[in-house]
Amino acid sequence: MKVKCQASCSKCYHEKGRTQEYDANDLIWFCTSCKKNFLCEIGVAQGMDHEGKVFYSCNICGKPLIKEEVDKSIITKRTIPGKRPETEDLYHSLMGSKEKGKTKKRWWKKTGKPTTALSSYEQSQISELCDVEGLTIPLTLEFARDLKIQNLNNYHGNKKICDLLTRLAHEDPSFISFLFSSLIQLDSKPRAFELRFAVFCSSHISGKIEVTTSQHLSRDKVCDFKIIKPSGEETWVYCLEKDMDINNLEKLAKRVFDVNFNEFPNLKRVFLAAKSFSYLAKGLLSKYQTVLTGMDTPSIESSQEMWESVPLLLWQPIPGKIKFQNVSLE
């Protein structure tokens, strides 16, 4: 696709001229404020930070420029403010194509089986997903396994998330659509809220995330997912993509407090994530700030039973981001 530089140079000094041909995933300088494209550093402002690193700024508004992929810059420029591309048809209309394009057949080297080449829209989805912090290969495979994607045993050799997502797109394109709608468009589809909180935990809390799938025995479905540290210590996570109020508190509380925690001595924390928490719900939850687990065997030094308290932490999302914040029980 052709991209025109929007710098105000009276004469273009770029060897390929002011208008150039780019692929959808090529990087160009882009101003997120003015929505202007710049194809080189000559027509922009240049500065140096306190660490001695050179940075470039828009010569119109002065905002620092970023390196952006061509298709993302076009979508940002042409999408109506406050709206976002939600369908493949809108993507193609913004990118200037009238149809999805012809599909091609290619062959996997390892299996020798034919597969359909990905469309530009699917490639664009994968490109954006690769930029999501916390969407790791192990976490992606956990949700793919829970959603019953086939042939996952052969996917552990992928060392880059983009390679894994590309293979998953060939295996089941609906899974990529689920990831994109959940993490980029922030839609309210089933499991989307859980995925967003898992991605947040993946980037902010150390430990392996293990999704407790519906395939497990009912006694193992004690939470939505676990965060397991190398030491074996566990954090259990419960998600509710609704406002936490009196009407739905009882149902969730049964999942949490009806568990016999003596059976799970490695449990060290419990997370509750919800869209928001009402004043009354926080008041009731404050009575259960700790739960009991594991340490009901008397020690040698004491004849009294020993108990270990496990803190209960509340989380709610920051609007428009894949980020969450702690909620005070007070």
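Residues numbered from 1 in each chain as written. Predicted model: local features only at pLDDT ≥ 70, side-chain atom pairs only at ≥ 80, totals over all residues. Heavy atoms only, no water.

(A) How the structure looks around the state of the cysteines. Counted by the stated rule, this structure contains 1 disulfide. Note on cysteine connectivity: Cys130 is disulfide-linked to Cys162, with sulfurs 2.0 Å apart. Here Cys162 lies in helix α5 (residues 161–171) and Cys130 lies in the loop between α3 (120–129) and α4 (137–146), a separation of 32 residues in the sequence. For Cys162, a relative accessible area of 32% corresponds to the partly exposed category. In this structure Cys201 is not part of a disulfide, and its nearest cysteine sulfur, from Cys239, lies 7.6 Å away. The thiol of Cys223 is unpaired, and the distance to the nearest cysteine sulfur, on Cys239, comes to 9.3 Å. The class for Cys223 is buried, based on a relative accessible area of 0%. (Disulfide = S-S within 2.5 Å. Helix = DSSP H or I, 4+ residues; strand = E, 2+ residues; numbered from the N terminus. Buried < 20%, exposed > 50% of the residue type's maximum accessible area, 1.4 Å probe, protein only.)

(B) Structural detail: the nonpolar core. Counting residues in each nonpolar core, the largest one holds 41 residues, and the members touching the most others are Phe175, Ile176, Phe197 and Phe225. Here this core takes 7 residues from helix α7 (residues 192–204), the largest share from any one element. Once residues lying within four places of it in the same chain are set aside, the contact partners of Phe225 are Glu194, Phe197, Ala198, Cys201, Ile209, Glu210, Val211, Thr212, Thr235, Trp236, Val237 and Cys239. Counting residues in each nonpolar core, the second largest holds 24 residues, with Val222, Phe264, Leu272 and Val310 among its members. (Core = buried A, V, L, I, M, F, W, Y, C linked by side-chain atoms within 4.5 Å. Contact = heavy atoms within 4.5 Å.)

As far as function goes, none of this settles anything; it's purely spatial.
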